[in-house]
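Survey of secondary and tertiary structure
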Amino acid sequence: MFAMIRLTSFLLFLAISATPGLAQVPPGDPYDAAKHPNPIVTYVTNAAFQNSGFAEAQQAADIELLGLSRDEGTLASVDLADAALRRVRVMGRNVDVTFYPVVRQKFQLKAGGDLVIYSFKNPKSPVPPAILDQAALVKPKNPAEGRFGAGPGPEQLEIRDSRGLLFEKDGQITVFWQEGGACHTATASMPRRDLFRLLEDLL
């Protein structure tokens, strides 16, 4: 019987691994809108962010931060949340993952409103990216225990020539993508076409 269980698990692993990836969803806790920045960034809380300088935050995160053209808006604040090795649950088992600091940039837009960008180095995990992607889409019996929380799942689309995800709720849009070895999310309350145009303008 145990041999059959191992065989079934192995075949499931192969089937999932062969499935095309989404946007390599990083591991993390189930999303809780009351404490997490967004459905992607769930391994730090809103309360963990502290004010920081741009250069200091960029060095701590060890990534190149994105910026916005002055024609579109101005940088209002930069905040940093530390992260480290911690254990998270993936596909029913506990996994040790090395997380890296997260940088939050808030831009005041000339057209009105704000654009908030979270950036971080992709966590170091023993779980293959394809498994992480598929695990994020699994719907548990308790919706609140899902990787993206109890809200509607994301749409898949292309962001800045990369595979990405889009979450939308109550007029607020959050998109997630990877480029240059870093993960980014951008959140704003505006029509999609305007947000996509802003994202293409990021430097």
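You'll find the structure just up there.
This report concerns the structure included in the present document. Fair warning: this is a prediction, and the values are worked out from it, not measured in the lab. (Residues numbered from 1 in each chain as written. Predicted model: local features only at pLDDT ≥ 70, side-chain atom pairs only at ≥ 80, totals over all residues. Heavy atoms only, no water.)

Re the side chain of threonine 174
Looking at where threonine 174 falls in the secondary structure, it is placed in strand β9 (residues 172-179). At a separation of 2.8 Å, a polar atom in the side chain of threonine 174 contacts the side chain of threonine 187. Leaving out residues up to four positions away in the same chain, threonine 174 has contacts with Asn38, Leu165, Leu166, Phe167, Thr185, Ala186 and Thr187. (Helix = DSSP H or I, 4+ residues; strand = E, 2+ residues; numbered from the N terminus. Polar contact = N/O pair within 3.5 Å; in protein donor to acceptor, adjacent residues only side chain to side chain. Contact = heavy atoms within 4.5 Å.)

What to know about the environment of serine 69
Mapping serine 69 onto the fold places it in the loop between α2 (54-61) and β2 (73-81). Those residues in contact with serine 69 that lie beyond four places of it in its chain are Asp201 and Leu203.

Brief notes about helix α3 (residues 129-137)
By the criterion of burial, α3 is predominantly enclosed, with seven of the nine residues buried. Buried residues of α3: Ala130, Ile131, Leu132, Asp133, Gln134, Ala135 and Ala136, and no others. (Buried < 20%, exposed > 50% of the residue type's maximum accessible area, 1.4 Å probe, protein only.)

Observations concerning the pairing of strand β6 (residues 114-121)
Buried residues dominate β6, accounting for six of its eight residues. When strand β5 (residues 102-109) meets β6, the two strands line up antiparallel, connected through seven bridges. Each residue of the ladder has a partner; that of phenylalanine 107, found in β6, is leucine 115. The antiparallel pairing of β5 with β6 creates a hairpin that spans four residues between the two strands, and glycine 112 there sits at a positive phi of about 105°. The sheet contact formed by β6 and strand β10 (residues 182-188) spans six bridges and is antiparallel. Across the sheet, the residue bridging to valine 116 is threonine 187, located in β10. (Pairing = 2+ DSSP bridges.)

Description of the pairing of β10
It is a general feature of regular strands that their side chains alternate between the two faces of the sheet. Extensive coverage of β10 is indicated by the burial of seven of its seven residues. Burial along β10 is two-sided: the face carrying Ala182, His184, Ala186 and Ala188 and the face carrying Cys183, Thr185 and Thr187 are both buried. The pairing of β9 with β10 spans seven bridges and is classified as antiparallel. Within β10, the residue paired with tryptophan 177 across the bridge is histidine 184. Linkage of β9 to β10, two consecutive antiparallel strands, is achieved through a turn of two residues, within which glycine 180 is found at a positive phi near 60°.

Quick notes on the sheet that holds strand β1 (residues 50-51)
One open sheet holds the eight strands; their spatial order is β1-β2-β5-β6-β10-β9-β8-β7, and the pairing between them is antiparallel. Bordering the open sheet on either side are β1 and β7 (155-159), each of which pairs with just one other strand. Of the pairings in the sheet, the one linking β7 to strand β8 (residues 162-169) comprises five bridges and is antiparallel in character. Within β8, the position partnered with glutamate 158 by the bridge is arginine 163. Against the sheet, α2 makes contact with β2, β5 and β6, and its axis sits at roughly 45° relative to β2, the strand it touches most. Contacting β5, β6, β7, β8, β9 and β10, helix α4 (residues 192-201) runs over the sheet at an angle of about 30° to β9. (Axes fitted to C-alpha atoms, helices over the stretch in contact; angles between N-to-C directions.)

Focus on the side chain of glutamine 58
Structurally, glutamine 58 can be placed in helix α2. A polar side-chain atom of glutamine 58 sits 2.9 Å from the main-chain amide nitrogen of leucine 65. Apart from the residues within four sequence positions on either side, glutamine 58 is in contact with Ile63, Glu64 and Leu65.

As for α2
Among the residues of α2, Ala57, Gln58 and Ala61 are the ones counted as buried. Looking straight down α2, one finds that the buried residues subtend no more than 100° of arc, so they occupy a single side. Turned more than 90 degrees away from the buried face of α2 sit Ala55, Glu56 and Gln59, all of them exposed. Tucked into the core, α2 has its buried residues touching β2, β5 and β6. Just downstream of α2 lies aspartate 62, where phi reads positive at about 60°. (Arc of directions from axis to C-beta.)

Notes on the packing of aromatic side chains
Overall, the coordinates contain four aromatic pairs when judged by the stated rule. Each ring, one from phenylalanine 148 and one from phenylalanine 167, has its centre 5.1 Å from the other, and the planes form 70°; the classification is edge-to-face. Note that phenylalanine 148 is positioned in the loop between α3 and β7 and phenylalanine 167 in strand β8, a separation of 19 residues in sequence. Per residue, the accessibility class of phenylalanine 148 equals that of phenylalanine 167, and both read buried. By way of ring pairs, the aromatic residues Tyr43, Phe99 and Phe120 are connected into one cluster. For the cation-ring pair, arginine 104 lies above phenylalanine 49, with the distance from its terminal atom to the ring centre recorded as 4.5 Å. If you follow lysine 121 out to its NZ or CZ, it ends over the ring of tyrosine 100, 5.0 Å from the centre. (Phe/Tyr/Trp six-rings, centres within 6.5 Å; stacked < 30°, edge-to-face > 60°. Lys NZ or Arg CZ within 6 Å of the ring centre and 35° of its normal.)

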